[in-house]
Amino acid sequence: MEGTLMADIDVTVCEVGLRDGLQMLETFFPTQEKLAWIRAEAQAGVREIEVTSFVPPKLVPQFVDAQEVVEGALAIPGLKVMGLVPNLKGAERGITLGVHTLNFVMSVSRTHNLKNVRREREESVADFGRIADLVRAQPEGRRPRLLGGLSTALGCSFEGEIAQDDVVKYAVALVEAGADEIMVADTVGYATPASVKSVFKAVMAAVGPVPVSAHFHDTRGLGLANVTAALECGVRRFDASLAGLGGCQFAPGATGNIVMDDLCFLLDAMGMRTGVDLGRLVAVREIVARNLPATPLYGALARAGLPTKYKTAGER
Ligand code: COA
Ligand code: ZN
């Protein structure tokens, strides 16, 4: 019954490999190759891409080319360009460059927030308020969409379990400060379909009409199972990274984000519309492979291919 109800709906997939996938790598992914990846994935039908992170280049040299990457991405018709921002300075940089979406990130885990952005959670909420004020002060047409991201919302490598009440509390705080959308993230791959249902239902009930999207890591192999649980809660926007690139410095052995290609196959197979051409998407992996020859790439669809005589959601 639920499957029938969910078919024929639009689901947005957002590529985050260029940010989440690259931020921990020592290897610099050449700027022109980042742009080749972005263009190819946009041509495959992915409409939203997180193209960079507005963090100090001294801290993460991978994003020293943020300006060039954003400018190149903004030239692609129809593509929504997103950048991560950890603080007000990052938001100022993103607004100056004209990104469509600012992805603000704080952690629900106090320890992780202190390690990641060197702030108490309340300081991050206050910073978010200043970012929201700045966003609202922009003229119409230059005003980016503001995502309030909650990292480690389903578990933390330092603290273990995270209290659901805390996730709800910070989601509400970000909405009250002016978030257009809440992004609930399982940064270290602790979530299960049961915890996803519980946390997403609670957050969605608390933030009312504000959309809630999901960011899962496949660290323990439950990534796509968690997607189906989130779909059943009404989530319609998911982050993923091509070939499952990514990882977290705080989770040894982490296998990165959920695999974009497998996510698109799952959604298509369930009859949902993503706008993505699966064959063209899988072909984009070649750009990642040629630039990161020593990095393992993941993905079941790329390994096994589409089922014989497979009909896409649009053809059925
Ligand atoms: N972009 C560029 N430069 C920035 C910046 C940003 N977003 N934020 C701060 N800076 C600069 C400041 O201007 C200052 O420069 P100066 O030394 O030349 O005066 C310097 O960095 C230190 O600024 P401060 O505000 O004290 O920052 P901090 O050292 O407390 O670091 C963060 C705070 C949030 C910038 C940093 O912890 C961070 O980037 N964390 C994110 C790490 C990450 O990428 N995690 C993975 C993704 S969630
Ligand atoms: Zn992540």
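Structure shown above.
Residues numbered from 1 in each chain as written. Chains lettered and ligands numbered in written order. Predicted model: local features only at pLDDT ≥ 70, side-chain atom pairs only at ≥ 80, totals over all residues. Heavy atoms only, no water.

**Student:** Would you explain the overall build of the protein in this entry?
**Tutor:** A count of helices and strands for the protein gives 13 helices and eight strands. Taking the principal axes of the C-alpha coordinates as reference, the protein spans close to 55 × 45 × 40 Å. Counting across all 316 residues of the protein, residues that qualify as buried make up 55%. Partitioning the intrachain contacts of the protein with sequence separation of at least 6 by distance along the chain shows that 74% fall at a separation of at least 24. Within the structure as shown, the protein displays about 13200 Å² of accessible surface, and the carbon and sulfur contribution to it stands at 53%. (Helix = DSSP H or I, 4+ residues; strand = E, 2+ residues; numbered from the N terminus. Buried < 20%, exposed > 50% of the residue type's maximum accessible area, 1.4 Å probe, protein only. Contact = heavy atoms within 4.5 Å. Areas by Shrake-Rupley, 256 points an atom, 1.4 Å probe, with all protein chains shown as cover.)

**Student:** I'm lost on the coordination of the zinc ion (ligand 2) in this one. Help?
**Tutor:** When a metal holds four donors in a tetrahedron, each ideal angle between them is 109.5 degrees; when it holds six in an octahedron, the ideal angles are 90 or 180 degrees. Donor atoms from the polypeptide that bind the zinc ion (ligand 2) are Asp20 (OD), His215 (NE2) and His217 (NE2), placed at 2.0 to 2.2 Å. When the donor residues of the zinc ion (ligand 2) are listed from N- to C-terminus, their spacing reads D-x194-H-x1-H. Residue classification places histidine 215 among the buried residues on the basis of a relative accessible area of 5%. Look at histidine 217 and you get buried, because its relative accessible area is 4%. (Donors = N, O, S within 2.8 Å, 3.2 Å for Na, K, Ca; no water.)

**Student:** Even after reading the chapter, I still don't get helix α10 (residues 223-233), so can you show me in this structure?
**Tutor:** In an α-helix, one turn spans 3.6 residues, which is why side chains three or four residues apart end up on the same side. Every buried residue of α10 is accounted for by Gly223, Asn226, Val227, Ala229, Ala230, Leu231 and Cys233. Looking at the residues trailing α10, positive phi occurs at glycine 234, about 105 degrees.

**Student:** Would you take a moment to explain the sheet that holds strand β8 (residues 237-240) for this structure?
**Tutor:** Backbone-to-backbone hydrogen bonds join strands into a sheet, with any given pair of strands oriented parallel or antiparallel. Reading around the circumference, β1-β2-β3-β4-β5-β6-β7-β8 is the order of the eight strands in this closed barrel, with parallel pairing throughout. Taking each pair of neighbouring strands and ignoring which way they run, the sheet shows an average axis angle of 25 degrees. Judged from the four bridges that link them, strand β3 (residues 80-85) and strand β4 (residues 101-107) form a sheet pairing that is parallel. From the neighbouring strand, methionine 82 faces β4, where its bridge partner is threonine 101. The strands touched by helix α4 (residues 66-74) are β2 (48-53) and β3; relative to β2, the strand with the most contacts, the crossing angle is about 160 degrees. Strands in contact with helix α7 (residues 121-136) are β4 and β5 (145-151); relative to β4, the strand with the most contacts, it is inclined by about 165 degrees. (Pairing = 2+ DSSP bridges. Axes fitted to C-alpha atoms, helices over the stretch in contact; angles between N-to-C directions.)

**Student:** Mind showing me how you'd approach the side chain of aspartate 20 here?
**Tutor:** Looking at the secondary structure, you find aspartate 20 in helix α2 (residues 17-21). Within the local environment of aspartate 20, its side chain forms a polar contact with the side chain of histidine 215, the two groups lying 2.9 Å apart. (Polar contact = N/O pair within 3.5 Å; in protein donor to acceptor, adjacent residues only side chain to side chain.)

**Student:** Can you help me understand the pairing of strand β7 (residues 212-216) in this one?
**Tutor:** If a strand is regular, its side chains alternate between the two faces of the sheet. For β7, the buried fraction is high: five of the five residues fall into the buried class. The side-chain alternation of β7 yields two buried faces, one formed by Val212, Ala214 and Phe216 and the other by Ser213 and His215. Relative to β8, β7 runs parallel, the two being bridged by two bridges. Looking at β8, one finds that alanine 214 is bridged to phenylalanine 238.

**Student:** Quick question: what am I supposed to make of the site of ligand 1 here?
**Tutor:** Around ligand 1 sit 17 residues in total, of which Phe54, Asn87, Arg93, Asn116 and Arg118 are the nearest. Lysine 89 is positioned with one of its side-chain polar atoms (N or O) 3.2 Å from an oxygen atom of ligand 1. Surface burial for ligand 1 is 66%, taken as the share of its 940 Å² of free accessible area covered by protein chains. At the level of elements, α5 (88-97) and α6 (110-117) are the ones that each hand at least two residues to the shell around ligand 1. Among the elements that take part in the shell around ligand 1, α5 stands out by supplying three residues, more than any other. For the shell around ligand 1, the residue count by class is eight nonpolar, four polar and five charged. (Near = heavy atom within 4 Å. Nonpolar A, V, L, I, M, F, W, Y, C, P; charged D, E, K, R; others polar.)

The quantities given are spatial measurements derived from coordinates; they are silent on function.
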